[in-house]
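Fold and contact review
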Amino acid sequence: MAKRQKTKYPGVFTREARRIGGRGTELVYYVVFKKNGKLIEEKVGRQFADDMTPARAAAYRAERIEGKRQSRKDLREADTAAKEAEANRWTIERIWEEYKHQREIKGLKQDECRYTLYISPRFANKVPAEILTLDVDRLRVLLTKKQGKSPQTVKHVIALLRRLVRFAVLKGLCPAPEPSRLSFEIPRVDNCKTEDLTPDQLSALIEAMEDDPNPWAAGIMKMALLTGMRRGEMFKLHWEDVDFERGFIHIRDPKGGPSQKVPLNDPARLLFESLPRTDSPFVFPGRGGKQRVDINHQVARIKQKAGLPDSFRAIHGLRHVYATMLASSGDVDMYTLQKLMTHKSPQMTQRYAHLRDDALKRASGVAGEIFSKLTTDSEDRTKNEKSII
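Scope of this entry: the structure provided in the associated data block. (Residues numbered from 1 in each chain as written. Predicted model: local features only at pLDDT ≥ 70, side-chain atom pairs only at ≥ 80, totals over all residues. Heavy atoms only, no water.)

**A closer look at the environment of Leu-225**
- In this fold, Leu-225 is placed in helix H8 (residues 215-227).
- Leu-225 sits 93 residues away from Leu-318 along the chain, and the two C-alpha atoms are 5.1 Å apart.
- The residues touching Leu-225, leaving out its near neighbours within four places in the chain, are Leu-202, Leu-318, Val-321, Tyr-322 and Met-325. (Helix = DSSP H or I, 4+ residues; strand = E, 2+ residues; numbered from the N terminus. Contact = heavy atoms within 4.5 Å.)

**Comments concerning the sheet that holds strand E6 (residues 248-251)**
- Strand order in this open sheet of three strands is E5-E6-E7, and the pairing throughout is antiparallel. Looking along the sheet, the strands with just one partner apiece sit at the ends: strand E5 (242-243) and strand E7 (260-263).
- In this structure, E5 lies alongside E6, joined through two bridges in antiparallel fashion. Bridge pairing in E6 places Val-242 opposite Ile-249. (Pairing = 2+ DSSP bridges.)

**Considering the nonpolar core**
- If you look at the biggest cluster of nonpolar residues, it comprises 39 residues, and the most contacted ones within it are Leu-205, Phe-272, Phe-284 and Leu-318.
- The dominant element in this core, judged by the number of residues it contributes, is H8, at eight residues.
- Among all residues touching Phe-284, those that are not within four sequence positions of it are Trp-216, Gly-219, Ile-220, Met-223, Met-234, Leu-237, Leu-275 and Arg-292.
- With 27 residues, the next largest nonpolar core counts Trp-90, Trp-96, Tyr-115 and Ala-168 among its residues. (Core = buried A, V, L, I, M, F, W, Y, C linked by side-chain atoms within 4.5 Å. Buried < 20%, exposed > 50% of the residue type's maximum accessible area, 1.4 Å probe, protein only.)

Shown next, in the form of structure tokens:
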């Protein structure tokens, strides 16, 4: 070690050392002082690397003696502790990044939009323990009253935030928040909307589909009407999923559930056979033969030409029409309808139960009419017989 050199400032000395970042040497400044009866020697900085001077070293020594400055060692330890704390600080932003890369998530594109627009601005830099029930309530009020979002949107946003917190706890990224501090009240949504078309509307729609030049748009709409398949299921449909020999359509992951199959009826078979075949494995291919991600513009054009109401959903609404026709026929029971619609629970199918009840009432009414006719005929014969006598 180089020899110690005194300076004109008491308790400040230097040693010569190889210069950092340049040729030659530079001075390294040290201070010596007593604190609580203990002699302390500390390195305070380098001549060029830290722009240190004897005066600055003396000022540093005075602040250390007065307790106004921490030692360089203490600062390094505090900096290390802060970095470790930051590394272990799982904010909602970090949790979201981990969450979306952990696995394949259905509806990730929609969740990413909800996170970016509604969750990130308020919670990105907070850890779950810093979020209060009041914060969630304020988010609900903001979305509902100030931004006019639908109950369904509010439900999805709050459910996503809750899902992120639960994911972090499950993965051991943070402790579970205290229930007394954070709870999630998910808005109730009446999701039993059932769409239908009159015979005239349905006839106009079929005509518009036949006239449309885009075979994919018309084909998807017809397939929804003939099979009740969801839009996403048709987008993912491969030609190999259509079993012409056994007469079934294999549906990949229907709404996140296990793969299922639905019968291939004759009109649907003819529709598949009429569709253009390309090199793509998809029945309804998108750009470059890849999986289709959207067809809103094309089906909206067909809906407008048919003169359907703006509120009618061009594809999902036809799924409802399919279910309505089956339920109204009186020939399809609710369990069978549930399987055809690939509903996970019978509760989803119950929205169509009243239609089947109406069909049963009509059937019962036919029996009543037959009985009334038989009764009337019997009374007429009795009157005739009496008149003869």
